[in-house]
Structure formats: structure tokens, C-alpha cells
Amino acid sequence: MSESIYTQATESTNHIRNLLPEQLKNPHVGIVCGSGLGGLAGMLDQELLFELSYEDIPHFPHSTVVGHAGKFVFGFLGERKTPVVVMVGRVHYFEGHSIQKVTFPTRVMKLLGIHTIIVTNAAGGLNTEFAVGDIVVLNDHINFPGLAGQHPLRGPNEEEFGIRFPTLSEAYDLPLRKQIHLSYKKLRLTSEKRKLHEGVYVFVSGPTSSFETRAECRFLRALGADVVGMSTVPEIIVARHCGIRVLAMSLVTNSAVLEPGPRGDSLLVAETDEEGLKCALEAGAASHEEVLETGAAAAKDLQGLVRQFIDDIAP
């Protein structure tokens, strides 16, 4: 980049502020909507609402994934009318963006004035105790691309945002995690229908059009990961670099296949026709359509939880 990230983020922020109604210029909380979870924006007060496409913001990356609308929505959320900015659709590293571009919107939200960010995602469940439709509050992560060098803080440090080596051991704010559990209990969501867990998220770069392989899922689970996905962690790292408090939640939209696949030399396979072999291989496999469908079914509960949480942390 010819300009620093801070300079570009400042230009983007100024452009947005010049378009915003006065009442919406100072959002307190940022909300990032994952796959199929863009309906969170529909819970904002409809009397004063402002939408802005990413394509209309200077330096901003564009989202290309189905289920990600690619727009900022500004408004008030909850009974206490907390001013928020909602990212309806994020951008991903697997789309071809640099890891710095993926995290650019987080920088912009910081300059817009947010002090807390709620990051949501659709994820595969590695922990066999997690059911499809459950919500997982993240309490730690494994940054696979980051360990291999694709880290959002790689390169010259942006001193205007934060220090060179921010600590990540407490990245997932404990008081916020405590509050989301209290908010969940307050809503009295049916435990048999949708449980709230805590766990570790592992970030993989993607694209995994057929999602992770069986061996990869067993490997990730053995490392201690409970859910797996292709987002969130870069945003969390940059948010902490900026001094933003973080709450992150995964919606389990599919259960990862951990069992080894059928062997080609087994007696069972030898006696199975081509259609049977196809069914055996596809058993438990996930698709992006499944992710969207599950996200839509669970959206109401997750939206209500976020709204209750926003009211509970409002000053």
C-alpha cells in the first residue's frame, strides 16, 4: 500500500461520517454478521436507519460470498436505543483479499468510535457435544494462517491504533462472556432447543468448498478446537490491537465429520454399487447452502440474544 492503513482508514471513516445523520455519527458497539446472520440488522429501530454499501466506501474491500450482503447499517438497537454499526456480511481471506484488507473494516469501526465489538460466524462443530443450531461463546482461538505468517499485524506497526505486540491471552473479554451467559438465562431460551456453550475456535484460511476433510477435522479436534471456520480471528486480533473489547459467538451450522472414510479395499466397499459408494462418501458432508439454512433457522434466537446483551451492557 502506498498509504498507511491508518491513513486509508481515516479517509474511509471521514467519508462515512460525512454521509451519516448526526444522531448516528457515534456508534458505541460494532456487530459483525456471519453467514446467514445478516438478519441482525433487521432488529434495529426502523425510524432512523442508514445503510451504506461497501462498494461506496473508499479503500473498502468488497464481499463476494452468498449470504453476505456487503453493507454497513447504522441505527439504534434495543430498548435502551444503543447506537450501533452492523456489518451485514464480512470479507474473507479466501476471497483473495490480503489479511490486512480483511481486517480493514475493524479499523474503520474503531475510528467511528466503537468501544465493543460483537463478532458472529457460522462454524463447523468439532466438539461432539455441540449440536447443530447451538451457540458457542468463544473463549480462545487457534490462528492457523497466522502461525504460518499470514498474520494481520505483520508488517510495520500502525502506532496510531496500538502497540507492536498486543497480548492475546485475554482476547475474549471475560466480563462480556459472563454477561452473555446472564443474558441467555434472562431470555430463558429452551435449553433442549439451543444450548449456549463456550469453546475454542480454529481459523483456517479456506476456501474449503467441501469444508475440511475428515483427517483435518480429527487433527483440529486433537489440537483442542471446538469449532472451525474461515473468519473471525483476524478481526479479533485487530480489534484487540485497537483496544476494542471483544465478544465472539459461533453458530454451529454443521457437525464436522470426524470418522475416517470407508477404505477402498474393504469387503463392504467391494460389494457396494456406485450409488452406494457415493452415499457413503457424502454421509455427514456439509454445504454452504446447509450453513445458510441452519443460520436462518437459528437467527431469531441469536438476534434476540444479541439485543438483550446490548441492553444489558448499555450504560
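Residues numbered from 1 in each chain as written. Predicted model: local features only at pLDDT ≥ 70, side-chain atom pairs only at ≥ 80, totals over all residues. Heavy atoms only, no water.

**Q** So what about helix 1 (residues 5-19)? Which residues, and what values?
**A** For helix 1, spanning 15 residues, the distance from its first C-alpha to its last is 22 Å, which sits close to the expected 21 Å at 1.5 Å a residue. Buried positions along helix 1 lie against strand 2 (50-53), strand 3 (71-77), helix 2 (99-102) and helix 3 (104-112). (Helix = DSSP H or I, 4+ residues; strand = E, 2+ residues; numbered from the N terminus. Expected span 1.5 Å × (residues − 1). Contact = heavy atoms within 4.5 Å.)

**Q** Break down the pairing of strand 1 (residues 29-33) for me, with residues and values.
**A** Looking along a regular strand, one sees side chains alternate from face to face of the sheet. Most of strand 1 is tucked away, with five of its five residues classed as buried. Judged by which residues are buried, strand 1 turns out to be covered on both faces: Val 29, Ile 31 and Cys 33 on one side and Gly 30 and Val 32 on the other are all buried. Where strand 1 lies against strand 4 (residues 82-88), five bridges are found, and the strand directions are parallel. Bridge pairing in strand 4 places Val 29 opposite Val 84. The pairing of strand 1 with strand 5 (residues 116-125) spans four bridges and is classified as parallel. Counterpart to Ile 31 in the pairing with strand 5 is Ile 118. (Buried < 20%, exposed > 50% of the residue type's maximum accessible area, 1.4 Å probe, protein only. Pairing = 2+ DSSP bridges.)

**Q** So what about the pattern of salt bridges? Which residues, and what values?
**A** A side chain of one charge can pair with a side chain of the opposite charge if their charged atoms are brought near each other. Applying the stated criterion across every chain yields a total of eight salt bridges. Of the charged contacts, one joins Arg 245 and Asp 173 as a salt bridge, the two residues approaching to 2.9 Å between their closest N and O atoms. Of this pair, Arg 245 sits in strand 9 (residues 245-255) while Asp 173 sits in the loop between helix 4 (144-147) and helix 5 (174-187), and the two are 72 residues apart along the sequence. Judged by relative accessible area, Arg 245 falls into the partly exposed class, the value being 34%. (Salt bridge = Lys/Arg side-chain N within 4 Å of Asp/Glu carboxyl O.)

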